[in-house]
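# Analysis of the macromolecular model
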Amino acid sequence: MKQYDFEEERVKQEIIKLGAKRVLIQLPEGLKPEGPYLAKVVHKTGALAIVSADSCYGACDLATTDAESLNVDLIIHYGHSKMLKYERVPTVYVEARATVGVEKVVEKALPLLKEFQTVGLATTVQHVQTLDFVREILLRAGKTVVIGDAGRANYPGQVIGCEFSNAKSIANEADAFLFIGGGRFHALGVALSTSKPTIVADPYEKTAYSIDDEAWKILKQRWACIEEAKNAKTFAVLVGLKLGQKRLEKALSIKRKLEETGKAAVLFAIKEITPESLMEFPTVDAYINTACPRIALDDASKFQKPVLTLNEALVLVNEVSWEKLCREGLFEN
Ligand code: SF4
């Protein structure tokens, strides 16, 4: 049995309903190995499948331009819930809900939660369907459970790499968070955006652990990065070219603010922000990234120059204090 529900029947029905002849399949990194299998599902309808082999980090990164240049009738975007309001190319979202059980790993997490009475729950779209069940387990263990529903994400309790309003909306009530899901990326976001102890229950690795030391390490790194950037004379403000990451107005605004503090600033348009691409500009001392805010945060040590998020840049230009930044979020859009 597959670890995710790829909703093959719904996908085929959508292709037939739309009369699509050419379909672009877009997958996040973890689901890329399923590309050939999912192409076969599309082929069963008689349509031609093209698998996008490029990176795809979120629903913000819809391959619309690629689809248009390939004359595609339909994009099937796997692994994320809908984010952009309008699509230039018809798009079907398959959230790829996980089929793996969470009961055992939540029970493993209980000893790590023993000092905390009220537990906030957070997860990715892959596991939102498990939250009621997880709540039952915690209630049986004598806990009080809170699940945020701030209305910005598609489901209560859901978090996205740069959108933690559900977790933040209950941070005052929760003594700690329990994050259900794999990887460290989203769990770190919960810890950093709520400043609350965060326990991870990872049903794929079948382990439960605290992410707090890692979050603390990142916080110290970010402080050091802002301090280093204060000495920079020339900045490049990065404008993302991915569909849901383009924030030209914000880039222009921070460029102006930097210039007002006596710094030189230039705009760079960029699709993929990598340490290698930024190394091509030795005369730039530091970067402000207005695209995906998580890039520099999770890979800070790989970049040779400071790369700040927009929110961090506001600390740099003395518009926001470090304390306020930590309270309101280092990276959220
Ligand atoms: S901007 Fe970054 S963190 Fe936010 S949804 Fe897109 S890829 Fe994920």
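These remarks concern the structure in this document.

So, how was this worked out
- Counting of residues starts from 1 at the beginning of each chain's written sequence and follows it residue by residue.
- Since the coordinates come from a predicted model, pLDDT governs what is reported: local features require at least 70, and pairs of side-chain atoms require 80 or more to be given and counted, while whole-chain, interface and lining totals use all residues.
- Only heavy atoms go into the side-chain values, all of them from the structure, while hydrogens and water stay out.
- Partly exposed describes any residue whose relative accessible area lies between the buried limit of under 20% and the exposed limit of over 50%, with all areas from a 1.4 Å probe on protein chains only and scaled to the type maximum.
- For the purposes of this entry, the term helix denotes a DSSP run of H or I that reaches at least four residues, the term strand denotes a run of E that reaches at least two, and both are numbered from the N terminus.
- Note on definitions. A residue lies near a molecule or strand when any single heavy atom of the residue is within 4 Å of it.
- Here the nonpolar group is Ala, Val, Leu, Ile, Met, Phe, Trp, Tyr, Cys and Pro; Asp, Glu, Lys and Arg are the charged ones; every other residue, Gly included, is treated as polar.
- Put simply, a nonpolar core is a bunch of buried Ala, Val, Leu, Ile, Met, Phe, Trp, Tyr and Cys residues held in one set by side-chain atoms that sit within 4.5 Å of each other.
- In what follows, a contact means two residues having at least one pair of non-hydrogen atoms within 4.5 Å.
- For this analysis, a ring pair means two rings from Phe, Tyr or Trp (six-membered ring only for Trp) whose centres lie within 6.5 Å, classed as stacked if their planes differ by under 30 degrees, edge-to-face if by over 60, and tilted for the remaining angles.
- Charges are assigned to positions over rings by a cutoff of 6 Å between ring centre and Lys NZ or Arg CZ, combined with an angular limit of 35 degrees from the ring normal.

Before going further, it helps to spend a moment on helix α7 (residues 185–194). Because each turn of an α-helix spans 3.6 residues, side chains separated by three or four positions end up pointing in the same direction. With eight of its 10 residues buried, α7 lies for the most part within the structure. Note on α7: the residue one or two positions beyond its end, serine 195, has a positive phi of about 55 degrees.

What follows is about the site of the ligand. Neighbouring residues of the ligand: Tyr57, Gly58, Cys60, Met83, Ile160, Gly161, Cys162, Gln245, Cys292, Pro293 and Arg294. Residue composition of the shell around the ligand, grouped by class: seven nonpolar, three polar and one charged.

It is worth spelling out the nonpolar core at this point. Ranked by size, the top nonpolar core spans 47 residues in total, and within it Phe177, Val190, Leu192, Phe235, Ile254, Leu258 and Ile288 carry the most contacts. Looking at this core, the elements that each hand over two or more residues are β9 (176–180), α7, α8 (212–230), β12 (234–240), α9 (248–260), β14 (286–289), α12 (310–316) and α13 (322–328). If one sorts the elements of this core by residue count, α8 sits on top with six residues. Once you skip the residues sitting within four places of it in the chain, phenylalanine 235 turns out to touch Ala229, Leu258, Lys263, Ala264, Ala265, Val266, Val284, Ala286, Ile288 and Leu316. Formed by 22 residues, the second largest nonpolar core is a distinct cluster that contains Ile15, Ala20, Val92 and Ala96.

Aromatic ring pairs are described here by two measures, namely the spacing of the ring centres and the angle between the planes. If you walk through the whole model with that rule in mind, you get six aromatic pairs. An angle of 35 degrees between the planes, with centres 6.1 Å apart, marks the rings of tyrosine 4 and tyrosine 204 as tilted. In this pair, tyrosine 4 sits in strand β1 (residues 4–5) while tyrosine 204 sits in the loop between β10 (198–202) and β11 (207–210), placing the two residues 200 residues apart along the sequence. Ring geometry for tryptophan 223 versus tryptophan 322: centroids 5.3 Å apart, planes at 65 degrees, classification edge-to-face. Here tryptophan 223, found in helix α8, pairs with tryptophan 322, found in helix α13; they are 99 residues apart in sequence, far enough to count as distant. Judged by relative accessible area, tryptophan 322 falls into the buried class, the value being 16%. Ring pairs connect the aromatic residues Tyr4, Phe6, Tyr78 and Tyr204, which therefore count as one cluster. One Lys or Arg, lysine 2, reaches over the ring of tyrosine 37 and ends 4.2 Å from the middle of that ring.

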